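Remarks on the overall topology
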Amino acid sequence: ELFSSWLIRCSLCHACDPLEIAHLLWPGRRLWTRDCDRRVCTLSMDNLARNAGISDKELRASTLDPVCQLLRLDSSSRAITPWVLSIGTRNISRAGGLQYCPVCFAEPKPFYRLQWRLAWYTSCPIHQVRLRDRCPHCQAIISPHRLDYTASDLSCCHACHGRLAETDLESCDSGASELESFADSVVWG
């Protein structure tokens, strides 16, 4: 699971806005005004790891830092990182949304997978359907950090509260699946 997805799910489970939990954990830092999955190395994770009961190492493994290291990319840079999808942050708005699988989001506890932030992923390797990056109801960019405490989980749109799983499924191209598998074998070995 992607770090930001986990953090947002934790906040929603405690009936707290993701914006508020980030402010409580890192006062004076504006976590959601940047790509926290890519540039988490600048955050102090000690307090969060201690309160969550998991190690700092486990938290960082859910970020894009390990992938960037494998690809020999600088994850702390503000520049666009090749092979990692940019979410284009400006204040708390985004120019690009997170990708998600509609079938995965129909399951009881939906979450964003780390792989869905990698440029070679266009489909879900589990369900073989194309990934989406916009709400099927209002076409808003997927921005789960903008959900409020009334959201029960990550499966709804922050703008219209429509269910993200409620969309027509598109089968993935077999060539896309082969490319994803090949790229994974190159990166992960």
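In this report, we go over the structure that sits alongside the text. Treat the numbers as computed from the prediction; the structure is a model and nothing was measured.

Now for the side chain of Ser62. Here Ser62 lies in the loop between α4 (56-61) and α5 (65-70). By relative accessible area, Ser62 is classed as buried at 13%. Among all residues touching Ser62, those that are not within four sequence positions of it are Glu1, Leu2, Phe3 and Leu114.

Attention now goes to the environment of Leu71. Among the secondary structure elements, Leu71 is positioned in the loop between α5 and β1 (89-90). Owing to a relative accessible area of 24%, Leu71 belongs among the partly exposed residues under this scheme.

In terms of nonpolar packing, the biggest core is built from 48 residues, with Phe3, Leu7, Leu48 and Tyr112 touching the most fellow members. Elements supplying a minimum of two residues to this core: α1 (3-13), α2 (18-25), α3 (46-52), α5 and α6 (174-188). With near-sequence residues (within four places) excluded, Leu48 lies in contact with Phe3, Trp6, Leu7, Leu25, Trp26 and Leu59.

Positive phi values are uncommon outside glycine, yet Trp83 reaches one of about 75°. Relative to the helices and strands, Trp83 is located in the loop between α5 and β1. Judged by relative accessible area, which is 51%, Trp83 ranks as exposed. One non-glycine residue, His161, lies in the positive phi region at around 65°. Looking at where His161 falls in the secondary structure, it is placed in the loop between β2 (93-94) and α6. A residue is classified by how much of its surface remains accessible, and His161, at 47% relative accessible area, is partly exposed.

Conventions adopted
- Residues numbered from 1 in each chain as written.
- Predicted model: local features only at pLDDT ≥ 70, side-chain atom pairs only at ≥ 80, totals over all residues.
- Heavy atoms only, no water.
- Helix = DSSP H or I, 4+ residues; strand = E, 2+ residues; numbered from the N terminus.
- Buried < 20%, exposed > 50% of the residue type's maximum accessible area, 1.4 Å probe, protein only.
- Contact = heavy atoms within 4.5 Å.
- Core = buried A, V, L, I, M, F, W, Y, C linked by side-chain atoms within 4.5 Å.

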